[in-house]
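# Summary of structural features
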Amino acid sequence: MRVAILTLSDKGSRGERQDASGPALAAWLTEQGCSVVATAILPDEQREIAAMLADWADRDRADLILTTGGTGVSPRDITPEATAAVVERVIPGIGELMRLRSLEVTKTAMLSRAMAGIRRQSLIINLPGSPKGAVECLEAVWQLIPHAVEKIRGDQRDCAGRF
Ligand SMILES: Nc1nc2c(c(=O)[nH]1)N[C@H]1C(S)=C(S)[C@@H](COP(=O)(O)OP(=O)(O)OC[C@H]3O[C@@H](n4cnc5c(N)ncnc54)[C@H](O)[C@@H]3O)O[C@H]1N2
Ligand SMILES: O=P(O)(O)OP(=O)(O)O
């Protein structure tokens, strides 16, 4: 699976905080046998985020695009809106399952507005900003991600009874 990782952080983009979340996700994905084909850090700016997500989906044709950061309720948190602006179909269950599992770990999970959706043949998933939270949320939904990616790419096989 070809994966791109986008870190959204004002401090990170200004070099005021080292990005630990993108590398933590990349390490975890590599352990699962994925190829990390692109990484970037951007400030919490909707247009820039949307443009990069669209580029990775349309030009690079990444199977999976992960974002980390900017999903909460602070004034500049804008990742879900940027994602909503570029996806063609929304998958509510991915955000729902991430929050359900995360609530077992931290009450602040309720404040993450992370969403997921599909643009062309790319699955885009928002993850929270903390390195621990990002990996926890990815682990929470991972069991069905390879299957989702296959289906998005047009796999015609029957699902029933496979899971
Ligand atoms: N399963 C979990 N879910 C959530 C957790 C968690 O620990 N486990 N954390 C929750 C928190 S806290 C919040 S708030 C909400 C929403 O999070 P955001 O997506 O808005 O995250 P940010 O405000 O961008 O970041 C929160 C916090 O994390 C640190 N941080 C952020 N970016 C980086 C980075 N690139 N490298 C290192 N550290 C980073 C920093 O301390 C920020 O203040 O989600 C909950 N969900
Ligand atoms: O500078 P940011 O965007 O990383 O903000 P926060 O510390 O709220 O994550």
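Presented here is a report on the structure given in the accompanying data block. Just so it is clear, the structure is predicted and the values come from calculations on it, not from any experiment. For every chain, the first residue of the written sequence is number 1, and numbering continues from 1 along that sequence. Chains carry letters from A onward and ligands carry numbers from 1 onward, assigned in written order. pLDDT decides what is reported in this predicted model: residues at 70 or higher carry local features, side-chain atom pairs at 80 or more are listed and counted, and totals for whole chains, interfaces and linings draw on all residues regardless. With hydrogens and water set aside, each side-chain value is computed from the structure's full complement of heavy atoms.

## Quick notes on the overall build of the protein
Within the protein, the regular secondary structure consists of 7 helices and 6 strands. In the protein, the succession of helices and strands from N to C terminus is β-α-α-β-α-β-α-β-α-β-β-α-α. A compact globule built from 163 residues would reach a C-alpha radius of gyration of about 15 Å, and the protein, at 15 Å, matches this within 12%. Each principal axis of the C-alpha distribution contributes one length, and for the protein these read about 50 × 40 × 30 Å. Accessible area is worked out with a 1.4 Å probe on protein chains only. A residue is then buried under 20% of its type maximum, exposed over 50%, and partly exposed in between. Evaluated residue by residue, the protein yields a buried proportion of 49% over its 163 residues. Here, two residues are considered to be in contact whenever any of their heavy atoms come within 4.5 Å of each other. Partitioning the contacts of the protein with sequence separation of at least 6, the portion at a separation of at least 24 is 76%. In the structure as shown, the protein presents an accessible area of about 8400 Å², 52% of it carried by carbon and sulfur atoms. Helix numbering and strand numbering both begin at the N terminus, where a helix is a DSSP run of H or I of at least 4 residues and a strand a DSSP run of E of at least 2. Based on C-alpha atoms, the radius of gyration is set beside the globule rule, defined as 2.2 Å times the residue count to the power 0.38. Reported accessibility uses the Shrake-Rupley method at a 1.4 Å probe radius. Residues are deemed covered only where the shown protein chains occlude them.

## Overview of the state of the cysteines
Any two cysteine sulfur atoms within 2.5 Å of one another count as a disulfide. Counting across every chain of the model gives 0 disulfides. C137 supplies the cysteine sulfur nearest to C34, a cysteine that is in no disulfide, at a spacing of 17 Å. Accessibility expressed as a relative area gives 8% for C34, which makes it buried. Given a relative accessible area of 7%, C137 falls into the buried group.

## So, the site of ligand 1
As a matter of local geometry, ligand 1 sits amid 23 residues, with D19, T71, G72, S102 and E136 nearest to it. The backbone of G70 places a nitrogen or oxygen atom 3.2 Å from an oxygen atom of ligand 1. Between ligand 1 and S130 there is a distance of 3.4 Å, counted from an oxygen atom to a backbone nitrogen or oxygen. Expressed as a share of its isolated accessible area of 840 Å², the protein-covered part of ligand 1 is 75%. It is helix 6 (residues 131-141) that provides the largest number of residues to the shell around ligand 1, a total of 4 residues. For this description, a residue counts as near a given molecule or strand if any of its non-hydrogen atoms is within 4 Å of it. As used in this structure description, the phrase polar contact means that two N or O atoms lie within 3.5 Å; if the pair is within protein, one of them must be able to donate a hydrogen and the other to accept it, and residues adjacent in sequence are counted only when both atoms belong to side chains.

## Some details on the environment of E31
Note on placement: E31 falls in helix 2 (residues 21-31). The spacing of E31 and I41 is 10 residues in sequence and 22 Å in space, taken between C-alpha atoms.

## Section: the pattern of salt bridges
Every case where a carboxyl oxygen of Asp or Glu lies within 4 Å of a side-chain nitrogen of Lys or Arg is listed as a salt bridge. By the definition in use, this model includes 13 salt bridges. With its nearest N and O atoms 2.7 Å apart, the salt bridge here joins D10 to R76. Of this pair, D10 sits in helix 1 (residues 10-13) while R76 sits in the loop between strand 3 (64-68) and helix 4 (79-86), and the two are 66 residues apart along the sequence.

## Here's the deal with a nonpolar patch on the surface
Without a salt bridge and with relative accessible area above 30%, a residue can belong to a patch; like charges are then joined within 9 Å and nonpolar side chains (Val, Leu, Ile, Met, Phe, Trp, Tyr) within 5 Å. On the surface, V73, L103, M110 and L111 cluster together into a nonpolar patch covering about 410 Å² of accessible area. Counting through the fold element by element, V73 comes out in the loop between strand 3 and helix 4.

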